[in-house]
Amino acid sequence: MINNLLVNFAHEHKKVVPISLFVAVLCLCLVIGHLLEENRWVNESIVAILLGCIAGSILLLVTKGKSSHILTFDEELFFIYLLPPIIFNAGFQVKKKQFFHNFLTIMMFGVIGVFISTSIITGGSWWLFPKLNFLGLSARDYLAIGTIFSSTDTVCTLQVLHQDETPLLYSLVFGEGVVNDATSVVLFNAVQKLDVSRLSGRAFRVLGDFLYLFSSSTALGVLTGLLTAYILKGLSFGRHSSVREISLMMLMAYLSYMLAELLELSGILTVFFCGILMSHYAWHNVTEISRITTRHVFATISFIAETFIFLYVGMDALDIEKWRMTKLSSGSLMGIYGCLILLILVGRAAFVFPLSAFANSMMSRRAGSGSSITFKHQIIIWWAGLMRGAVSIALAFKQFTFSGVTSDPVNATMITNTIIVVLFTTLVFGFLTKPLIRYMLPHNNGTRRNTNHEAGGTPGEDLNLPLLSFEESAATNISRAKESLSMFIGSPVYTIHHYWRKFDDAYMRPLFGGPHHNRSRC
């Protein structure tokens, strides 16, 4: 009996030690990040990766080359515990007015762009990998590679950009980053359901699965957010305890994610739109102290989760076991790294510049040339999406490992490929982000009048006119209807947004919460 207790104690002690070490390294990462706060060349993700590499090197020396890990990565840990707070906070903190004003452009970059990038990376790797003696990947693996390396990480760019000085650019980079991650995961899940043995003629099946997952996941997130707002407004939790209303918001957000996963939908999309709806309605139904607390709590949990992931990426780069499994020569490996980075560059450029030109044509009809995406802005948008991050790592582990472990040399090679690409893009492209933006936008203050499309030229005042009026002649009504229709065709986002505001103020806010005046923040 005593021996069993001692064995159990020793086993539990072995679990506590690595967790304690990892938390200590996390704390060290926060301290160093604070000391480097004034230096915007280095962001938290770069600090976490570098610290992870240093910690991994120390562990290799201590264990005499056996292991560089404090903890073993599990894709379930990422998708169930780490990813939900990151995505929810992105939706909860998003500037909804800018996001929905640029909704069509963001969706083009975040959805259509992912499909274009995935196609180029998939086709390019399918053609180039065999020439580099990298064989053994299936058709599904190549499709998964396309989605894995189409997922972006725009943190480096967002930490350098200023939202007040470049509102349009910041909105596009931030919005595309979130939608891109969600689309990549949804497309990845659709690829997993694809029957690769009958791949010909299945493109519409993939598109159908994608649209189903996208719409169903969004609807579930919206319904959960509205239900939370309705409960908080009807029961008034704040009368007795602000802790309960904060807890309800957190638990309902997590429940929306888990329900989506249970129904085999996209938890990322669900929890993102749940965050938007909670911020728009539920946040106004809690006490003032709860409003302040939720902002900070959600941001804090998200920050810790992101730092945890990048710290592990730095450690995993020195995983000797995976490197030993790789049977390719160093020249072939360098060729694969170079091909992947080149495909990322080309795949990114293949949609950013054409879609920007298309978006500019829509903006010119809507608000004049002052709100167009300039060529310098297009360069920054292209650059912002070159970094790869946590989602790419998680998808690679999900595709090529089982609970973070693999004994297949081909799968081990793909894991190391992903880690190297993430390290290179985050460190090299991340370090170059600030000088690039300084060169492209030397006078950020001057960009405000060029990008602030809310200042003038919007059809807001004209939209206040009714479509039909019984007090006027039929000819006048027909003329006004034609003008409204042409206005809708020329500026669909503004038109829809205006009528949504009227519907929101008249019906949604009284039922689910929020200020009821026309100047309310959207």
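What counts, and where the lines are drawn
- Residues numbered from 1 in each chain as written.
- Predicted model: local features only at pLDDT ≥ 70, side-chain atom pairs only at ≥ 80, totals over all residues.
- Heavy atoms only, no water.
- Disulfide = S-S within 2.5 Å.
- Buried < 20%, exposed > 50% of the residue type's maximum accessible area, 1.4 Å probe, protein only.
- Salt bridge = Lys/Arg side-chain N within 4 Å of Asp/Glu carboxyl O.
- Helix = DSSP H or I, 4+ residues; strand = E, 2+ residues; numbered from the N terminus.
- Polar contact = N/O pair within 3.5 Å; in protein donor to acceptor, adjacent residues only side chain to side chain.
- Contact = heavy atoms within 4.5 Å.
- Axes fitted to C-alpha atoms, helices over the stretch in contact; angles between N-to-C directions.
- Parallel < 35°, antiparallel > 145°, perpendicular 65-115°, else oblique.
- Left-handed = near helix turned anticlockwise from the far one by under 90°.
- Nonpolar A, V, L, I, M, F, W, Y, C, P; charged D, E, K, R; others polar.
- Phe/Tyr/Trp six-rings, centres within 6.5 Å; stacked < 30°, edge-to-face > 60°.
- Patch = residues over 30% accessible without salt bridge, like charges linked within 9 Å, V, L, I, M, F, W, Y side chains within 5 Å.
- Areas by Shrake-Rupley, 256 points an atom, 1.4 Å probe, with all protein chains shown as cover.

Visitor: Give a description of the state of the cysteines that names residues and reports values.
Guide: Inspection of the entire model under this criterion finds zero disulfides. Free of any disulfide, C27 has its nearest cysteine sulfur in C29, 9.8 Å distant. The partly exposed category is assigned to C27, whose relative accessible area is 43%. On the basis of relative accessibility, which here comes to 0%, the residue C29 falls in the buried class.

Visitor: So what's going on with the pattern of salt bridges? Which residues, and what values?
Guide: Counting across every chain of the model gives two salt bridges. Between R348 and E176 there is a salt bridge whose closest N-O contact spans 2.6 Å. Within this pair, whereas R348 is found in helix α14 (residues 330-367), its partner E176 is found in helix α8 (residues 167-192), the two being separated by 172 residues in sequence. Among the residues examined, E176 registers a relative accessible area of 1% and is labelled buried. For R291, the salt bridge is made with E288, and the minimal N-O distance between the two is 3.6 Å. Note that R291 and E288 are positioned in helix α12 (residues 288-316) at a spacing of three residues, about one turn of the helix.

Visitor: Can you explain the side chain of S392? Please cite residues and give values.
Guide: Its place among the elements puts S392 in helix α16 (residues 390-400). In terms of polar contacts, S392 uses its side chain to reach the backbone carbonyl oxygen of I148, at 2.8 Å. Filtering out sequence-adjacent residues up to four positions away, S392 remains in contact with I148, S151, T418 and V422.

Visitor: Got a sec to walk through the packing of helix α6 (residues 139-148) against α16? Specific residues and values, please.
Guide: Closest axis-to-axis distance for the α6/α16 pair is 9 Å, and the angle between their directions is 170°. The angle between α6 and α16 places the two elements in the roughly antiparallel class. α6 and α16 meet at a crossing whose hand is right-handed. On α16, the residues touching R140, D141, A144, I145, T147 and I148 of α6 are S392, L395, A396, Q399 and F400. Class assignment of the residues belonging to the contact of α6 with α16 gives a composition of six nonpolar, three polar and two charged.

Visitor: I'd like a description of the packing of aromatic side chains, backed by residues and values.
Guide: Per the stated rule, a full pass over the model turns up 16 aromatic pairs. Measuring from centroid to centroid gives 6.3 Å for Y230 and F512, while their planes differ by 65°, and the two rings are edge-to-face. Placement of the pair is Y230 in helix α9 (residues 203-235) and F512 in helix α20 (residues 492-512), with a sequence separation of 282 residues. What makes Y230 partly exposed here is its relative accessible area of 46%. Ring geometry for Y281 and F512: centres 5.9 Å apart, planes at 55°, overall tilted. Here Y281 is found in the loop between α11 (267-280) and α12, whereas its partner F512 is found in helix α20, with 231 residues between them in sequence. Accessibility expressed as a relative area gives 12% for F512, which makes it buried.

Visitor: If you had to explain a nonpolar patch on the surface to someone new, which residues and values would you point to?
Guide: A contiguous nonpolar surface patch, about 370 Å² in accessible area, is contributed by L50, F424, V428, F431 and L432. Per-element tally for the nonpolar patch: the top contributor is helix α17 (residues 409-440), with four residues. By the element assignment, L432 lies in helix α17. For L432, a relative accessible area of 43% gives the class partly exposed.

Visitor: How would you summarise the environment of I87 if you had to cite specific residues and measurements?
Guide: Along the chain, I87 falls in helix α3 (residues 75-93). Here the alpha-carbon distance between I87 and F272, two residues 185 residues apart in the chain, equals 5.6 Å. Excluding its chain neighbours within four sequence positions, the residues that come into contact with I87 are I268, V271 and F272.

Visitor: So what about the packing of α16 against α17? Which residues, and what values?
Guide: Relative orientation of the contacting elements α16 and α17 amounts to 180°, with a least axis distance of 10 Å. Taken together, the axis directions place α16 and α17 in an arrangement best described as roughly antiparallel. Packed against α16, whose contacting residues are S392, I393, A396, F397 and F400, the element α17 presents N411, M414, I415, T418, I419 and V422 at the interface. Here the residues of the contact of α16 with α17 sort into eight nonpolar, three polar and no charged.

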